[in-house]
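Observations on the three-dimensional arrangement
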Amino acid sequence: MPSKTISVESAALQVSVYIDDDGAAYLKEVIPAGGTSRSSVSKYFQNHYAPLVEVRLAGKGTEKHKSSKALVGTYVGPRLRYQSHEIRDEGESKTLNMTLSDAGTTVISHLTVYESTPVLRASATMRNDSEQDITVTQLTSLVLGGLTTGTEKWWNEYTLSIPNNSWFREAQWIEHDLPSLGIDDYGVYGRPEDHYASLGHYAVSNRGTFSTEGHLPMGVLKRRDDSETCLWQVENNGSWRWEIGDWRDSVYLAAGGPIEKDHDWRLRLEPGKDFASVSVALCHVHDDYEAAFTALTTYRRLIRRKHEDNKRLSIIFNDYMNCLMGDPTEEKIMALVGPVLKAGAEYFVIDCGWYADDAGWWDDVGEWEPSKKRFPNGFKSVLDKLRGKGLIPGLWIEPEVIGVRSTIVNQLPAEAFFQRDGQRVVEKNRYQLDFRHPAVRERLHGVIQRLVVDYGVGYFKFDYNIDVTQGTDVDTSSPGCAQLDHNRAYLAWVNKLHDLYPGLVIENCSSGAQRMDYAMLATHAIQSTSDQQDPDRYAAISAALPTAVTPEQGAVWVYPQPEWDDEMNAMTVVNALLGRVHLSGRLDLLSDHQFSIIKEGMDVYRMIRADIPTCQAFWPLGLPGWHDEWLTLGMAVEGGKRFHVAVWRRGGPDTIEVPVSKLKGANVSCELLYPTSFPASSEWNAAEGLLKVKLPSALSARLFRLTVS
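Owing to the predicted nature of the structure, the values given are computational and were not obtained by experimental measurement. (Residues numbered from 1 in each chain as written. Predicted model: local features only at pLDDT ≥ 70, side-chain atom pairs only at ≥ 80, totals over all residues. Heavy atoms only, no water.)

Take empty space enclosed by the protein next. Under the counting rule described, the total for this entry stands at eight cavities of 30 Å³ or more. Counted as a void, the largest cavity has a volume near 120 Å³. Taken together, 17 residues form the lining of the largest cavity, with S542, L545, L578, G579 and L633 sitting closest to its centre. Only β33 (554-558) and β36 (630-636) provide two or more residues apiece to the lining of the largest cavity. Of the residues assigned to the lining of the largest cavity, the class counts are eleven nonpolar, five polar and one charged. (1 Å grid on protein atoms, 1.4 Å probe; cavity = no way out; pocket = protein on both sides within 12 Å on 5 of 7 lines; lining within 4 Å. Points joined across faces, edges and corners; volume = space filled by probe spheres on them. Helix = DSSP H or I, 4+ residues; strand = E, 2+ residues; numbered from the N terminus. Nonpolar A, V, L, I, M, F, W, Y, C, P; charged D, E, K, R; others polar.)

Take a look at the structure:
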């Protein structure tokens, strides 16, 4: 067949697939609006193409000179041949569905572009059109070669940034040069031995139910001069892998969900059956990383489930962090109600412990019945009092686990739990429920219905505190396969809850942010971002959060303490003002003066929160480092005339020049929004586009508003 290029394009992005004379398909280009085609930059560009989809089947190895440890270089992928394609126009988006096949194996690549943002969403569906079972061990969602063909010395002119994401230290980006990761000029491309593919690659992978433990499923490849940026995310609430590497003297990206090598994932596919991969999003801009994150934020807002909470941005009080810490009682809760109302909160969430007669509840959870000892006048009476005061009551619950001592353990069939070799999987004295099983879903639907209908609960904090890396071998091709199906069944269950109770707000929490991925965040309205208990450390997390989650979904703890000085109590407020407020701390023990600091912050939040659902983040001092002495986070309000800028000082000199390049030359007024009575000075230099800020205290934080006249 003659070669051809098939494209799908929107106002923001053009995606092209090249079909060669032999029918092999390659993702040719992902070009932002106004961008230049790479094929016009390098006459050798075609040599850098990588197969559109890389597939591994059991018993099928790799091609000559290619690494079996990489996602690319498979035996099956390069043999897939073009059959047909269609483009579906859905208004805001268009999807190119391209069908490929080889020897009874059919793969449909799904490539979606959006009118409002230069982001490609990619996934694949594989179907067994043969007459016998096949076993799939890998199906990539996205493969794109030639990412660095715009320069000859690509190994020197591009960097890779990776977001570390551990408990108490979330969303911390680290930049690497490519040679330090083993991606370099090997001096073999073009030689007659044909050593050309994946000589060096670098992979980031996660295994288990904590999808973002260790790393967020994201990466940034950018030119050092900030003229080009590629930003991607894998959208799965379980195992995933992405990698970059050298492919024919350029860099490729490959990404997808679980595979055999990393995740014990092997799918036995019967004749006529199909399997859909997880989604991967790729943003490509001829600009810096801030422009890429702006595009990705727009995309995240498009793909998530619509919820009024993301417009209202209600202030949520939760009694856990630096407050009751899992030991609620009727007396303690009622002592907090007055201060919570005075501070301006709209929800009152009772965190863990409400179901337990004593503190040793960790391995006894699962029944989700309120403790009569903690609430002698009845739990419903307490929640009714909260509603009577104008507060919507919320509860903490961990629906996916059952403690080993719980009576519920013997009320569900054995197949309702994760198992290996006939034994229930135990992690931290908890059993993992398998949401593939109807008995699990039915029981939990009953629990939620009772709490919503009978008790009037309007908010749930769904927590999850174990990481099951071994999967389950019940009724499955492989443990990794069952784990993926469980992950998807859990999301379907949560979505069903939203359908049943449209006003219900469900928070995603997993030991803080150990599942801060956009499979979960496309489903849940709000995200717990950390269990960090120190405001000065939390500042580095807060400043980085818009890289991981839209501002209107990213909840940050505000937990004032009577023993803290005024600057520390103000800092815990500033940490949350450009996102979502999870108010906590000992409001009931603060002095009048201390309380006024918190109250002022909540008043400011209510004043600016209408800006947040459409704002875009920027980082005047660059993405924050964990030990940086000065941190900044800006929010550009839709319309471009108003900007909110949070500034943190954690040591160093008392003065900093904050560059706001997008306002260079503009007539700008600067106003201290919070805390207004604390010492601070600011001066705008229009010619240089610099905001000069002085904060006398070595540990302090302020929120400024810049207005363009």
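From this point on, the discussion continues.
The three strands are arranged β38-β41-β40 in an open sheet whose pairing can be described as antiparallel. Strands with a single pairing partner mark the edges of an open sheet, and in this sheet they are β38 (655-659) and β40 (681-685). In this sheet, adjacent strand axes meet at a mean angle of 20 degrees when their direction is disregarded. Here β40 pairs with strand β41 (residues 690-694) via five bridges, running antiparallel. From the neighbouring strand, W684 faces β41, where its bridge partner is L691. (Pairing = 2+ DSSP bridges. Axes fitted to C-alpha atoms, helices over the stretch in contact; angles between N-to-C directions.)

Before going further, it helps to examine the packing of helix α9 (residues 438-454) against helix α10 (residues 479-500). Packing of α9 against α10 leaves a shortest axis separation of 11 Å and a crossing angle of 35 degrees. Note on packing geometry: the crossing formed by α9 with α10 is right-handed. Here R441, L444, H445 and I448 of α9 lie close against α10, whose contacting residues are W493, K496, L497 and L500. (Left-handed = near helix turned anticlockwise from the far one by under 90°. Contact = heavy atoms within 4.5 Å.)

What follows is about the nonpolar core. Of all hydrophobic cores here, the largest spans 138 residues; its most connected members are F348, F460, F462, L583 and W648. Sequence-distant contacts of F460, defined by excluding residues within four places in its chain, comprise L395, I397, I448, L451, V452, L504, V505, I506 and E507. V30, L100, L142 and L221 belong to the second-largest nonpolar core, a separate cluster that totals 60 residues. (Core = buried A, V, L, I, M, F, W, Y, C linked by side-chain atoms within 4.5 Å. Buried < 20%, exposed > 50% of the residue type's maximum accessible area, 1.4 Å probe, protein only.)

Before going further, it helps to spend a moment on the sheet that holds strand β2 (residues 13-19). Judged by pairing direction, the sheet is antiparallel, and its three strands sit side by side in the order β1-β2-β3 without closing on themselves. The open sheet has two edge strands with one neighbour each: β1 (4-9) and β3 (25-32). Averaged over all adjacent pairs, the angle separating strand axes in this sheet is 20 degrees, with direction ignored.

The subject of this paragraph is the environment of P438. Its place among the elements puts P438 in helix α9. Linking P438 and M334, residues 104 residues apart in sequence, is a C-alpha distance of 39 Å.

Further remarks concern the side chain of T148. Tracing the backbone through its elements, the reader meets T148 in the loop between β10 (142-144) and α2 (154-157). Taking relative accessible area as the criterion, T148 reaches 0% and is therefore assigned buried. Here the side chain of T148 touches S250 through a polar contact of 3.0 Å, side chain to side chain. (Polar contact = N/O pair within 3.5 Å; in protein donor to acceptor, adjacent residues only side chain to side chain.)

Once that is clear, we can look at helix α4 (residues 289-303). With 15 residues, α4 should cover 21 Å at 1.5 Å per step; its first-to-last C-alpha distance of 21 Å lies within 8% of that length. Buried residues dominate α4, accounting for eleven of its 15 residues. Turning to α4, its buried residues number three or more, namely Y289, E290, A292, F293, A295, L296, T297, Y299, R300, R301 and I303. The backbone nitrogen of E290 lies 3.2 Å from a side-chain oxygen of the residue at the head of α4, namely D288. (Expected span 1.5 Å × (residues − 1).)

This next bit is on the pattern of salt bridges. This model, assessed by the stated rule, comprises 37 salt bridges. Residue K222 pairs with D226 through a salt bridge whose shortest N-O separation is 3.2 Å. Under the relative-accessibility criterion, K222 is labelled buried at 9%. When its relative accessible area of 31% is taken as the criterion, D226 is described as partly exposed. (Salt bridge = Lys/Arg side-chain N within 4 Å of Asp/Glu carboxyl O.)

With that settled, consider the pairing of β38. Of the two faces of β38, only the one carrying I656 and V658 is buried; T655, E657 and P659 on the other face are not. As paired strands, β38 and β41 are joined by five bridges and run antiparallel to one another. Residue pairing for β41: I656 is matched across the bridge by V693.

Let's shift gears to the environment of I259. Within the element layout of this structure, I259 appears in the loop between β18 (251-256) and α3 (260-263). Given a relative accessible area of 6%, I259 falls into the buried group. Spatially, the C-alpha atoms of I259 and S314 are 40 Å apart, while their sequence positions differ by 55 residues. Dropping the residues within four chain positions of it, I259 is found in contact with L71, T137, Q138, R241, D264 and W265.

Between two packed helices, what matters for the description is the angle formed by their axes and the separation of those axes. It is at 11 Å that the axes of helix α7 (residues 330-343) and helix α8 (residues 379-388) come closest, and there the two elements cross at 0 degrees. One finds that α7 runs roughly parallel with respect to α8. Together, E330, I333, M334 and V337 of α7 and V382, K385 and L386 of α8 make up the contact between the two elements. The residue makeup of the contact of α7 with α8, split by class, is five nonpolar, no polar and two charged. (Parallel < 35°, antiparallel > 145°, perpendicular 65-115°, else oblique.)

Our focus in this paragraph is a negative patch on the surface. On the surface, D357, D358, D364 and E367 cluster together into a negatively charged patch. Positionally, D357 belongs in the loop between β23 (347-350) and α8. (Patch = residues over 30% accessible without salt bridge, like charges linked within 9 Å, V, L, I, M, F, W, Y side chains within 5 Å. Areas by Shrake-Rupley, 256 points an atom, 1.4 Å probe, with all protein chains shown as cover. Lys, Arg positive; Asp, Glu negative; His and termini not counted. Charge placed at Lys NZ, Arg CZ, Asp CG, Glu CD.)

Moving on, we get to the packing of aromatic side chains. Tallied over the entire structure, the rule returns 35 aromatic pairs. Ring geometry for W247 versus Y252: centroids 6.2 Å apart, planes at 75 degrees, classification edge-to-face. Among the residues examined, W247 registers a relative accessible area of 1% and is labelled buried. In this structure Y252 comes out as buried when scored by relative accessible area, which is 0%. Taken together, the ring pairs connect W354, Y355, W361, W362, W368, F375, F379, W396 and Y455 into an aromatic cluster. The side chain of R424 reaches across the aromatic face of Y431, ending 5.3 Å from its centre. Positioned above the aromatic ring of F618 is the side chain of K662, whose terminal nitrogen or guanidinium carbon lies 4.3 Å from the ring centre. (Phe/Tyr/Trp six-rings, centres within 6.5 Å; stacked < 30°, edge-to-face > 60°. Lys NZ or Arg CZ within 6 Å of the ring centre and 35° of its normal.)

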